[in-house]
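# An overview of the molecular structure
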Amino acid sequence: MGMPFTTRPARLAPSTSSQRIEWIAEPELEYVTISISTGCLQRLLAKQELFVENFSCLDQGSRNRVRRLLLNLARSKSENC
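Counting from 1, residues in each chain are numbered in the order their sequence is written. In keeping with the predicted nature of the model, local features appear solely for residues at pLDDT of at least 70, side-chain atom pairs appear and are counted solely at 80 or more, and the whole-chain, interface and lining totals rest on all residues. By convention in this description, side-chain values take in all heavy atoms of the structure and omit both hydrogens and water.

Glancing now at helix H2 (residues 60-80). Where helices and strands are cited, they refer to DSSP runs of H or I of at least four residues and of E of at least two residues respectively, numbered from the N terminus. Multiply 1.5 Å by the residue count of a helix minus one, and that product is the helix's expected span. Taking 1.5 Å per residue as the helical rise, H2 with its 21 residues ought to reach 30 Å, and the 30 Å between its terminal C-alpha atoms agrees with that figure. Relative accessible area decides the class of each residue, using a 1.4 Å probe on protein chains only: under 20% of the type maximum gives buried, over 50% gives exposed, and in between gives partly exposed. Here H2 has its buried residues at Val66, Leu69 and Leu73. Considered in projection along H2, the buried side chains sweep an arc of 60 degrees and stay on one side of the axis. Facing away from the buried side of H2, by more than 90 degrees, are the exposed residues Leu71 and Glu79. The contact criterion used throughout is that any non-hydrogen atoms of two residues lie within 4.5 Å. For H2, the secondary structure elements touched by its buried residues are helix H1 (38-46). Identification of polar contacts relies on pairs of N or O atoms within 3.5 Å, with a donor-acceptor requirement for protein atoms, meaning one able to donate a hydrogen and the other able to accept it, and with residues adjacent in sequence counted only if both atoms are side-chain atoms. For H2, the side-chain oxygen to backbone nitrogen distance between the N-cap and Gly61 is 3.1 Å, and the N-cap itself is Asp59. Note: the arc covers the axis-to-C-beta directions of the helix.

What follows is the structure in structure tokens.
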């Protein structure tokens, strides 16, 4: 654990001139590739914060894991009814 700050840092004077930063334009992508843990995916699906219609699996192993996850969620919901 580090030492706590005892004084506030000096504030910078506000700039009187503004400069626009030109970023290199990137094409707007329709899809992004992400990786998410199985536990996080299970939690999002269980809370209905993410739906299977909104994502796709890129490999067979992921498809099988998501299928098992969905079956387990369906089973647990039917047991709680």
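Moving on, we come to unusual backbone geometry. One non-glycine residue, Gln48, lies in the positive phi region at around 55 degrees. Among the secondary structure elements, Gln48 is positioned in the loop between H1 and H2.

All right, on to a nonpolar patch on the surface then. On the surface, a nonpolar cluster with roughly 320 Å² of combined accessible area is contributed by Val32, Ile34 and Ile36. Mapping Val32 onto the fold places it in the segment before H1. By relative accessible area, which is 66% here, Val32 ends up exposed. Patch membership needs two things, relative accessible area over 30% and no salt bridge, and members are linked within 9 Å if like-charged or within 5 Å if nonpolar (Val, Leu, Ile, Met, Phe, Trp, Tyr). Per-residue accessibility takes into account occlusion by the displayed protein chains alone, with areas from the Shrake-Rupley method and a 1.4 Å probe. We count a salt bridge whenever a side-chain nitrogen from Lys or Arg sits within 4 Å of a carboxyl oxygen from Asp or Glu.

With respect to the element layout, Asp59 can be found in the loop between H1 and H2. Given a relative accessible area of 40%, Asp59 falls into the partly exposed group. Of note is the side chain of Asp59, whose polar atom sits 3.1 Å from the backbone nitrogen of Gly61.

Before going further, it helps to spend a moment on the layout of surface pockets. Only protein atoms enter the 1 Å grid used here, on which a cavity is any set of points holding a 1.4 Å probe that cannot leave and a pocket is any open set flanked by protein within 12 Å on both sides along at least five of seven lines; residues with an atom within 4 Å of a point are listed as lining. Grid points are joined across faces, edges and corners, and a volume is the space filled by probe spheres set on the points. For the largest pocket, the calculated volume is near 690 Å³. As for the largest pocket, its lining consists of 19 residues, of which Ile34, Ile36, Phe55, Ser56 and Cys57 are closest to the centre. It is H2 that contributes the most residues to the lining of the largest pocket, three residues altogether. Counted by class, the lining of the largest pocket contains ten nonpolar, seven polar and two charged residues. Taken together, Leu45, Ala46, Gln48, Leu50, Phe51, Val52, Glu53, Leu70, Leu73 and Lys77 make up the lining of the second largest pocket. At the level of elements, H1 and H2 are the ones that each hand at least two residues to the lining of the second largest pocket. If you tally residues by element for the lining of the second largest pocket, the top one is H2, at three residues. Gly counts as polar in this scheme, as do all residues outside two lists: the nonpolar Ala, Val, Leu, Ile, Met, Phe, Trp, Tyr, Cys and Pro, and the charged Asp, Glu, Lys and Arg.

From the geometry alone we can't say anything about function, so treat these as descriptive.
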